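# Fold and geometry: a report
Each chain is listed here by its residues.
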Amino acid sequence: MLTIGKLGKAAGVKVPTIRYYEQIGLLPDVGRSAGNQRLYGNDVLNRLRFIRHARDLGFPLEDVRALLSLSDQPEHSCAAVDTIAVRQLAEVRDRISRLQALEAELARMIAQDAHTTIADCRVIEVLGNHDLCKHHDHAETAH
């Protein structure tokens, strides 16, 4: 049995996060020791590791909840899990696309910078005037 601190260390999750996951029902309520200390078994450790890994992959908490629920039903089809994973992959690809656009805009701003004085600094100029930023023009037409 693990205390909350040891559980957090073993899973790489901070204690307030564990308490939050308990509060929102992602982790079950556990028993307490004679000293009124929470004690966690390996099942909770494994569940917490699952949650952490899913969060590291960017899954929102609602999807983590659904994935946990599905993982508790091993005899069911994996189709629902695949649907959630496909949706997350699309979100990651969208994020990558937006980051690439940001990268290109930053590179463009820097390349156009005369490296002289702040008064002539293209980065400052573009940040101060959204009309000069190609990224914003692209983002507004894309949405």
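Scroll up to find the structure this text is about.
Residues numbered from 1 in each chain as written. Predicted model: local features only at pLDDT ≥ 70, side-chain atom pairs only at ≥ 80, totals over all residues. Heavy atoms only, no water.

## Some details on the overall build of the protein
- Of the regular secondary structure elements, the protein holds seven helices and zero strands.
- Beginning at the N terminus, the succession of helices and strands in the protein can be written as α-α-α-α-α-α-α.
- Against the compact-globule benchmark of 15 Å for 143 residues, the protein has a radius of gyration of 23 Å, which places it well outside the compact range.
- Principal-axis analysis of the C-alpha atoms gives the protein an extent of 70 × 40 × 20 Å.
- For the protein, buried positions account for 24% of its 143 residues.
- Taking the contacts inside the protein whose residues are at least 6 apart along the sequence as the reference set, 48% of them involve residues at least 24 apart.
- Accessible surface, the protein: about 9,800 Å² in total, of which carbon and sulfur atoms supply 56%.
- The average position of the 18 basic charges and that of the 19 acidic charges among the side chains of the protein differ by 10 Å. (Helix = DSSP H or I, 4+ residues; strand = E, 2+ residues; numbered from the N terminus. Rg over C-alpha atoms; globule rule 2.2 N^0.38 Å. Buried < 20%, exposed > 50% of the residue type's maximum accessible area, 1.4 Å probe, protein only. Contact = heavy atoms within 4.5 Å. Areas by Shrake-Rupley, 256 points an atom, 1.4 Å probe, with all protein chains shown as cover. Lys, Arg positive; Asp, Glu negative; His and termini not counted. Charge placed at Lys NZ, Arg CZ, Asp CG, Glu CD.)

## With respect to unusual backbone geometry
- One non-glycine residue, Asn36, lies in positive phi territory at about 65°.
- Residue placement: Asn36 occurs in the loop between helix H2 (15–23) and helix H3 (42–56).
- Residue class for Asn36 comes out exposed when judged on its relative accessible area of 52%.

## Comments concerning the pattern of salt bridges
- One pass over the full model with this rule turns up seven salt bridges.
- A salt bridge links Glu105 to Arg108, with the nearest nitrogen and oxygen atoms 2.7 Å apart. In this pair, Glu105 and Arg108 are both assigned in helix H5 (residues 79–112), three residues apart and thus about one turn of the helix distant.
- By relative accessible area, which is 5% here, Glu105 ends up buried.
- The buried category is assigned to Arg108, whose relative accessible area is 16%. (Salt bridge = Lys/Arg side-chain N within 4 Å of Asp/Glu carboxyl O.)

## Concerning the packing of aromatic side chains
- Within this structure, the stated rule accounts for one aromatic pair.
- When the ring of Tyr20 is compared with that of Tyr21, the centres are 6.2 Å apart and the planes differ by 50°; the resulting orientation is tilted.
- Note on Tyr21: relative accessible area 8%, which makes it buried. (Phe/Tyr/Trp six-rings, centres within 6.5 Å; stacked < 30°, edge-to-face > 60°.)

## Concerning helix H1 (residues 4–11)
- Turning to H1, its buried residues are Ile4, Leu7, Gly8 and Ala11. When H1 is viewed along its axis, its buried side chains cluster within an angular range of 100° and face the same direction. For H1, exposure combined with an orientation more than 90 degrees from the buried face picks out Lys6 and Lys9.
- Gly12 sits one or two positions beyond H1 and adopts a positive phi of about 75°. (Arc of directions from axis to C-beta.)

## Considering H3
- Look at H3: 21 Å from first C-alpha to last across 15 residues, which is about the 21 Å you get at 1.5 Å a residue.
- Within the sequence span of H3, burial applies to Val44, Leu45, Leu48, Ile51 and Ala54.
- In this structure, the buried residues of H3 make contact with H1, H2 and helix H4 (61–71).
- Immediately beyond the C-terminal end of H3, within one or two residues, lies Gly58, with a positive phi of roughly 90°. (Expected span 1.5 Å × (residues − 1).)

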